[in-house]
Amino acid sequence: MSTQSSPRAATLIGFTAVLLWSLLAVFTAASGTMPPFQLTAVTFSIGGLAGVALWVFRPHAVKALRQPWPVWLLGIAGLFGYHALYFTALRNAPPVEAGLINYLWPLLIVVFSALLPGEKLRLYHVAGALLALAGAALVVTGGRGLSFNPDYLVGYGAALLAAFAWSGYSVLSRRFAAVPSDAITGFCLVTALLSALCHLALEQTVWPADALQWGAIVALGLGPVGLAFYVWDIGVKHGDIQVLAAASYAAPLLSTAILIATGYAAYSHAILVASLLITAGAVLAARDMLFRRKAPVAATEKGA
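Remember, predicted model here, so these are calculated numbers, not experimental data. Residue positions are given per chain, counting from 1 as you read along its sequence in written order. For a predicted model such as this one, the threshold for reporting local features is a pLDDT of at least 70, and the threshold for listing and counting side-chain atom pairs is 80 or more; totals across whole chains, interfaces and linings nevertheless cover every residue. Excluding hydrogens and water, the side-chain values take into account all heavy atoms of the structure.

Enquirer: An account of the overall build of the protein is needed here, citing residue identities and associated values.
Expert: Helix and strand counts for the protein stand at 15 helices and zero strands. Taken against the 2.2 N^0.38 rule, which gives 19 Å for 304 residues, the C-alpha radius of gyration of the protein at 20 Å falls within 12% of a compact globule. In terms of overall dimensions, the protein has C-alpha extents of about 75 × 50 × 35 Å along its principal axes. Type-normalised accessible area, obtained with a 1.4 Å probe on protein chains alone, sets the label of each residue: buried when under 20%, exposed when over 50%, and partly exposed for intermediate values. Classification of the 304 residues of the protein by burial places 48% in the buried group. In the protein, the proportion of contacts linking residues at least 24 apart, taken out of those at least 6 apart, comes to 88%. Note on areas: Shrake-Rupley, 1.4 Å probe, and residue coverage restricted to the protein chains presented here. When the accessible surface of the protein is totalled, it reaches about 14800 Å², and 70% of it is carbon and sulfur. Positive charges come from Lys and Arg alone, negative charges from Asp and Glu alone, with His and the N- and C-terminal ends not counted. Where a charge lies is defined by one atom per residue type, namely NZ (Lys), CZ (Arg), CG (Asp) and CD (Glu). Placing the 16 positive and 10 negative side-chain charges of the protein at their respective mean positions leaves the two points 12 Å apart. What counts as a helix is a DSSP run of H or I of at least four residues, what counts as a strand is a run of E of at least two, and both are numbered from the N terminus. The size measure is the radius of gyration over C-alpha atoms, and the globule rule it meets is 2.2 Å times the number of residues to the 0.38 power. Every residue pair with non-hydrogen atoms within 4.5 Å of one another is taken to be in contact.

And the structure:
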């Protein structure tokens, strides 16, 4: 069954991106001390080249790169623009505050999706996203308070722009639903090139120290920075984008759970509360998809 004819299937496919992104933190922690733009260049190269390798079995897929300039602009602005802004935020603001501001993107997707043809923004969509945002805030802050310092306005601004960049990319991608997801390969390769240029201009080169670190980097490129963008593209183009956005708040929770399981973080009761909030928010936002009733059989059909 094609994702075009099954929004539920496309939504579930898109959610696998959230599962893959939950591995981002543990793989990054295991990848050593490679600077952010260098890591982005390497991992996006792996993700892009993996897509090219698959063209051996699907040679027609290369035609997906023949797209008008607005498609390329959106894809590059989404992938490279988001990461460049997020790294700028982390360089110029405390990571907790920057991370929380950045995690406004699922809520922004829910709100912006109301502008799409055929989409309606309902109160329970917003309520579900807000509940999930509260849960994500608990994960990011660890239940402790926030301190927004005006000295970090540049970082806060970059984090907010990153949230707008990713939510804008996700929502506008639906306007180009006819563009095959194979085009993501081209966006990844251009993102890798631009990230490499930023690395050469701003950072010192640091290579992995051992095979474990290389393995983590390859895993990043194949999963959270590779396959994830392909399946997310399917989800936002053909699935229930509001449900997908609210469910995306599971990423920081799952990521923290994985860090705890692998010894990179410690358990706290805030994680349990956050899990309840995020689950409740996602279920509320996905009410129609999860509890949709079958249409009653028409009276004429009953009497036939």
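Further notes follow.
Enquirer: Please set out the environment of Ala77 residue by residue, giving values where relevant.
Expert: Structurally, the position occupied by Ala77 is in helix α4 (residues 69–92). In this structure, the C-alpha to C-alpha distance between Ala77 and Tyr169, residues 92 residues apart in sequence, is 7.6 Å.

Enquirer: Describe the confidence of the model for the protein, naming the residues involved and giving the relevant values.
Expert: pLDDT gives the predictor's per-residue confidence on a scale running from 0 to 100. Mean pLDDT for the protein: 85, with 90% of residues reaching 70 or above. Mean pLDDT across the elements of the protein bottoms out in helix α15 (residues 299–303) (42) and peaks in helix α9 (residues 184–202) (96). Low pLDDT (under 50) marks residues 294–304, which in the prediction has one contact with non-local residues, meaning those over four places away or in another chain.

Enquirer: Can you break down a nonpolar patch on the surface residue by residue, with the values?
Expert: Surface patches are drawn from residues lacking salt bridges whose relative accessible area is over 30%; two like charges belong together within 9 Å, two nonpolar side chains (Val, Leu, Ile, Met, Phe, Trp, Tyr) within 5 Å. Every case where a carboxyl oxygen of Asp or Glu lies within 4 Å of a side-chain nitrogen of Lys or Arg is listed as a salt bridge. A cluster of nonpolar side chains, Leu49, Val52 and Leu189, forms an exposed patch at the surface whose accessible area comes to about 220 Å². Structurally, Val52 can be placed in helix α3 (residues 36–54). Taking relative accessible area as the criterion, Val52 reaches 30% and is therefore assigned partly exposed.

Enquirer: Got a sec to walk through the side chain of Ser255? Specific residues and values, please.
Expert: Along the chain, Ser255 turns up in helix α12 (residues 250–261). Judged by relative accessible area, Ser255 falls into the buried class, the value being 10%. With sequence-adjacent residues up to four places away left out, Ser255 is seen in contact with Ser22 and Ala25.

Enquirer: Kindly report on helix α7 (residues 123–141), identifying the contributing residues and their values.
Expert: The first and last C-alpha atoms of α7 sit 27 Å apart over 19 residues, in line with the 27 Å expected at 1.5 Å per residue. Within α7 the residues assigned to the buried category are Tyr124, His125, Gly128, Ala129, Ala132, Leu133, Gly135, Ala136, Ala137, Val139 and Thr141. Helix span, expected: 1.5 Å multiplied by one less than the number of residues in the helix.

Enquirer: With reference to specific residues and values, describe the environment of Leu79.
Expert: Structurally, the position occupied by Leu79 is in helix α4. The class of Leu79 is buried, set by a relative accessible area of 0%. Dropping the residues within four chain positions of it, Leu79 is found in contact with Phe44, Trp166, Tyr169, Phe187, Cys188, Thr191 and Phe229.

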